[in-house]
Amino acid sequence: MTTFNTATIIHIDESLSDNELETVERELADHEGVVAACVHEKSRHLMVVDYDPLEISADNLLHYVQRQGFHAELVGGI
């Protein structure tokens, strides 16, 4: 099966604790079509998500973060 990877950046408005960030990263990475989700320690508001756009859309990724109660928006793709 061929996988097509792309990446997007989600800006999270809130300042999250280490535990909150780890939970969001882990749960987002568990979604079908998501390859990885991570936040750099120096840019804690920006989450890079690598995913297969044939499996899940950037909007779905954003909505997942928002459903966790966080204010977030898509910044763009990489």
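Right, let's walk through the structure included here. (Residues numbered from 1 in each chain as written. Predicted model: local features only at pLDDT ≥ 70, side-chain atom pairs only at ≥ 80, totals over all residues. Heavy atoms only, no water.)

## Remarks on the sheet that holds strand 2 (residues 34-40)
1) Next: Spatially, 2-3-1-4 is the arrangement adopted by the four strands of the open sheet, whose pairing is antiparallel. The open sheet terminates on both sides in strands that have one partner only, identified here as strand 2 and strand 4 (72-77). Going across the sheet, the axis of each strand differs from the next one's by a mean of 25°, ignoring polarity.
2) Next: Sheet topology note: the strand 1 (residues 6-12)/strand 4 ladder contains five bridges and is antiparallel. When the bridges of strand 4 are listed, isoleucine 9 appears paired with glycine 76. (Pairing = 2+ DSSP bridges. Helix = DSSP H or I, 4+ residues; strand = E, 2+ residues; numbered from the N terminus. Axes fitted to C-alpha atoms, helices over the stretch in contact; angles between N-to-C directions.)

## Concerning the environment of serine 17
1) Next: Among the structural elements, serine 17 can be located in the loop between strand 1 and helix 1 (18-29).
2) Next: Between the C-alpha atoms of serine 17 and aspartate 59, which are 42 residues apart in sequence, the distance is 24 Å.

## Some remarks on helix 1
Count 3.6 residues to each turn of an α-helix, and residues three or four apart come out pointing the same way.
1) Next: Across its twelve residues, helix 1 extends 16 Å between first and last C-alpha, which sits within 8% of the 16 Å expected from 1.5 Å per residue.
2) Next: Where helix 1 is concerned, the buried positions are Leu21, Val24, Glu25 and Leu28. Each buried residue of helix 1 lies within a common arc of 95° when the element is viewed along its axis, so the set occupies one face.
3) Next: On the buried face of helix 1, the contacting elements are strand 2, strand 3 (43-51) and helix 2 (58-67). (Expected span 1.5 Å × (residues − 1). Buried < 20%, exposed > 50% of the residue type's maximum accessible area, 1.4 Å probe, protein only. Arc of directions from axis to C-beta. Contact = heavy atoms within 4.5 Å.)

Read these as geometric descriptors, not functional statements.
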